[in-house]
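Given next are the chains, with one letter for each unit.
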Amino acid sequence: MTNQPRHPPSQCPEVCSRRRSLRRRRWARRVVAGLGAFTAPAFVLPPAVGLSRHTVTDDAMSGTMERGSVVFAKSQPVGDLEVGDIITYRVPTDPRQDLVTRRIVDIRSGLIWTSRDSTGEIDPWTLSFDQQTRDRAVVDIPYAGYVYDAVSRSVKKARNLLPN
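Given the structure is predicted, the values throughout are model-derived calculations rather than measurements.

K.L.:
Looking at this model, I keep getting lost on the environment of Leu51. Mind explaining?
P.N.:
When you line up the elements, Leu51 lands in strand 1 (residues 51-55). Judged by relative accessible area, Leu51 falls into the buried class, the value being 16%. As a C-alpha pair, Leu51 and Phe72 span 21 residues in sequence and 5.7 Å in three-dimensional space. With residues up to four places along the chain from it excluded, the contact list for Leu51 reads Pro46, Phe72, Ala73, Lys74 and Val138.

K.L.:
Sorry, what's going on with a positive patch on the surface here?
P.N.:
Residues Arg19, Arg20, Arg23, Arg24, Arg25, Arg26, Arg29 and Arg30 make up a contiguous surface patch of positive charge. Inspection of the secondary structure assignment puts Arg29 in helix 1 (residues 12-48).

K.L.:
What exactly am I supposed to notice about the sheet that holds strand 2 (residues 70-77) here?
P.N.:
Paired through their backbone hydrogen bonds, the strands of a sheet run either parallel or antiparallel. Pairing within the open sheet is antiparallel, and its 7 strands lie in the order 1-2-7-3-4-5-6. The outermost strands of the open sheet, each flanked by one partner alone, are strand 1 and strand 6 (122-128). Within the sheet, the average angular offset between the axes of one strand and its neighbour, ignoring direction, is 45°. Two elements, strand 1 and strand 2, share 5 bridges in a ladder whose sense is antiparallel. Looking at strand 2, one finds that Arg53 is bridged to Phe72.

K.L.:
Would you mind going over the pattern of salt bridges with me for this structure?
P.N.:
Pairing is possible between side chains that carry opposite charge, provided their charged atoms lie close to one another. Overall, the coordinates contain 7 salt bridges when judged by the stated rule. Here Arg67 and Asp59 are joined by a salt bridge, their closest N and O atoms 3.1 Å apart. On the basis of relative accessibility, which here comes to 36%, the residue Arg67 falls in the partly exposed class. What makes Asp59 partly exposed here is its relative accessible area of 38%. The shortest N-O distance in the salt bridge between Arg96 and Asp94 comes to 3.7 Å.

Calculation notes
- Residues numbered from 1 in each chain as written.
- Predicted model: local features only at pLDDT ≥ 70, side-chain atom pairs only at ≥ 80, totals over all residues.
- Heavy atoms only, no water.
- Helix = DSSP H or I, 4+ residues; strand = E, 2+ residues; numbered from the N terminus.
- Buried < 20%, exposed > 50% of the residue type's maximum accessible area, 1.4 Å probe, protein only.
- Contact = heavy atoms within 4.5 Å.
- Patch = residues over 30% accessible without salt bridge, like charges linked within 9 Å, V, L, I, M, F, W, Y side chains within 5 Å.
- Areas by Shrake-Rupley, 256 points an atom, 1.4 Å probe, with all protein chains shown as cover.
- Salt bridge = Lys/Arg side-chain N within 4 Å of Asp/Glu carboxyl O.
- Lys, Arg positive; Asp, Glu negative; His and termini not counted.
- Charge placed at Lys NZ, Arg CZ, Asp CG, Glu CD.
- Pairing = 2+ DSSP bridges.
- Axes fitted to C-alpha atoms, helices over the stretch in contact; angles between N-to-C directions.

That's the geometry; what it means functionally is another story.
Given below as structure tokens:
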């Protein structure tokens, strides 16, 4: 058996480059599959157990929940909420605005006051007990909102491409 190269020396860089490229693609596929295996349950299981999902879109809760975190919340009777709970709701002064996540700082006379963790500033509005339930944050996944929102936008774009 001779020690001759499998490819003539002039072809080796091209062949080696192709092999390296294939290895990189396989590695990238494994990383994506691994990420999908861990993140898919995080977005499929919570709704199955009655949790709603919300992405934090502002810095109001910095230090507790960063912008881009995904918050899973459970609907709670308003009477069960306590000072210190973190809730997700629509701003009563602008119902078209995205949901916000804030900490409850006071509950009295049928009203709820909330504040921002980042500044301690109390919000200029109050929430009333007119709704029977509010969404109380159960768990958050830091920065997962960026991934979820990107995937969600891609799925919406793909749906728009499908024939009606």
